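# Structural characterization, general
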Amino acid sequence: IGFGLAQQDALATLVKQRLKLAQEATSRSVAQHLGRLHDLLADVLAAMDGGFLKKSAVKVWAEVEREVTQLEALLRQAGPELTKVLVTLGEVRTPTLACGEKLEACAYALEYLLDQLPFEVAGLAVGRLTSMTGSQAMLREHLLYLEQDLTQMQELTALVNDGVLLKLPAVYTQLAGLAAKPSETQRYLAAEKLTELLQSMNRK
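Residues numbered from 1 in each chain as written. Predicted model: local features only at pLDDT ≥ 70, side-chain atom pairs only at ≥ 80, totals over all residues. Heavy atoms only, no water.

## Notes on the side chain of Gln8
- Inspection of the secondary structure puts Gln8 in helix H1 (residues 5–22).
- Setting aside chain neighbours within four positions, we find Gln8 in contact with Leu103, Arg128, Ser131, Met132 and Ser135. (Helix = DSSP H or I, 4+ residues; strand = E, 2+ residues; numbered from the N terminus. Contact = heavy atoms within 4.5 Å.)

Okay, here's the thing in structure tokens:
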């Protein structure tokens, strides 16, 4: 009755661990911060086009600069936590693969024993084999979700560390030197840096 239960319990623990990591508050808050940062910088970029009734880019930047720097600080603080979650997710893969091997071994053992067990016990073995087969399917699904979570976390971590935090200083530099009535060159350079950063965020 208890054959293979230890392996099934181990799988359940691994699934719960993955779900907890996938729902980590840090990754959710980072996504929110990135969304807000994107909206603020998009407003600045839109103001670059000018227009009679539009606020100037300098004025829009003055209104959002403080919040942008706050968001940058929050993302910088979250960077190490994102890396930690990413590493921990990677560490879940090895015990998952080992658990899969043990579940497969148990299923093979049950299949082998079915023809050799007394009739009154064989029914129990069939029930356990059915349960083990279900666990194997669950493990395959768990691995697929784990790889998906790893990919998403890798992209999020790279976006924060190698994208936003790396490219924001160049944006600051261009916007800091922007005149009240910028020349075409000033507008072009500032818009180029903003567009580059926003496009990298959109790809994620």
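## Re the packing of helix H2 (residues 25–47) against helix H3 (residues 57–114)
- Their axes nearest at 9 Å, the elements H2 and H3 cross at an angle of 155°. For the element pair H2 / H3, the angle class is roughly antiparallel. You can see that H2 and H3 cross each other, and the crossing is left-handed. For the pair H2 and H3, contact is made by Thr26, Ser27, Val30, His33, Leu34, Arg36, Leu37, Leu40, Leu41, Asp43, Val44 and Ala47 and by Ala57, Val60, Trp61, Val64, Glu67, Val68, Leu71, Leu74, Leu75, Ala78, Glu81 and Leu82, respectively.
- Here the residues of the contact of H2 with H3 are counted per class, giving 17 nonpolar, three polar and four charged. (Axes fitted to C-alpha atoms, helices over the stretch in contact; angles between N-to-C directions. Parallel < 35°, antiparallel > 145°, perpendicular 65-115°, else oblique. Left-handed = near helix turned anticlockwise from the far one by under 90°. Nonpolar A, V, L, I, M, F, W, Y, C, P; charged D, E, K, R; others polar.)

## Here we look at H1
- Its 18 residues give H1 an end-to-end C-alpha distance of 26 Å, which sits within 8% of 26 Å, the value for a rise of 1.5 Å per residue.
- Taken residue by residue, H1 has Gln7, Gln8, Leu11, Leu14, Val15, Arg18 and Leu21 as its buried positions. Buried residues of H1, seen end-on, are gathered within an arc of 145° and therefore sit on one face of the element. What points out from H1, more than 90 degrees from its buried face, is the exposed set Ala6, Thr13, Lys16 and Lys20.
- Its buried side turned inward, H1 meets H3 and helix H4 (119–176). (Expected span 1.5 Å × (residues − 1). Buried < 20%, exposed > 50% of the residue type's maximum accessible area, 1.4 Å probe, protein only. Arc of directions from axis to C-beta.)

## Digging into the environment of Glu120
- As for its placement among the helices and strands, Glu120 is situated in helix H4.
- Taking the relative accessible area as the measure of exposure, Glu120 reaches 60% and is therefore exposed.
- Sequence spacing of Glu120 and Leu74 is 46 residues, and the spatial spacing of their C-alpha atoms is 64 Å.

## Let's talk about the nonpolar core
- By size, the foremost hydrophobic cluster in this structure holds 53 residues, and its most contacted members are Leu34, Leu37, Leu41, Val68, Val164 and Leu175.
- Elements with a contribution of two residues or more to this core: H1, H2, H3, H4 and helix H5 (184–203).
- Per element, the largest residue contribution to this core is 18 residues, and it comes from H3. (Core = buried A, V, L, I, M, F, W, Y, C linked by side-chain atoms within 4.5 Å.)

## Quick look at the packing of H2 against H4
- Where H2 meets H4, the closest approach of the two axes is 12 Å, and the angle between their N-to-C directions is 30°. Comparing their axes, H4 and H2 come out roughly parallel. By crossing handedness, the relation of H2 to H4 is classed as left-handed. Contacts between H2 and H4 pair Ser27, Val30, Leu34, Leu37, Leu41 and Val44 from the former with Met153, Leu156, Leu159, Val160, Val164, Leu168 and Leu175 from the latter.
- Here the residues of the contact of H2 with H4 are counted per class, giving twelve nonpolar, one polar and no charged.

## Overview of the packing of aromatic side chains
- Applying the stated criterion across every chain, the model contains one aromatic pair.
- For the pair Trp61 and Tyr172, a centre-to-centre distance of 6.0 Å together with 40° between the ring planes defines the contact as tilted. Of this pair, Trp61 sits in helix H3 while Tyr172 is found in helix H4, placing the two residues 111 residues apart along the sequence.
- Classification of Trp61 as buried rests on a relative accessible area of 6%.
- Given a relative accessible area of 19%, Tyr172 falls into the buried group. (Phe/Tyr/Trp six-rings, centres within 6.5 Å; stacked < 30°, edge-to-face > 60°.)

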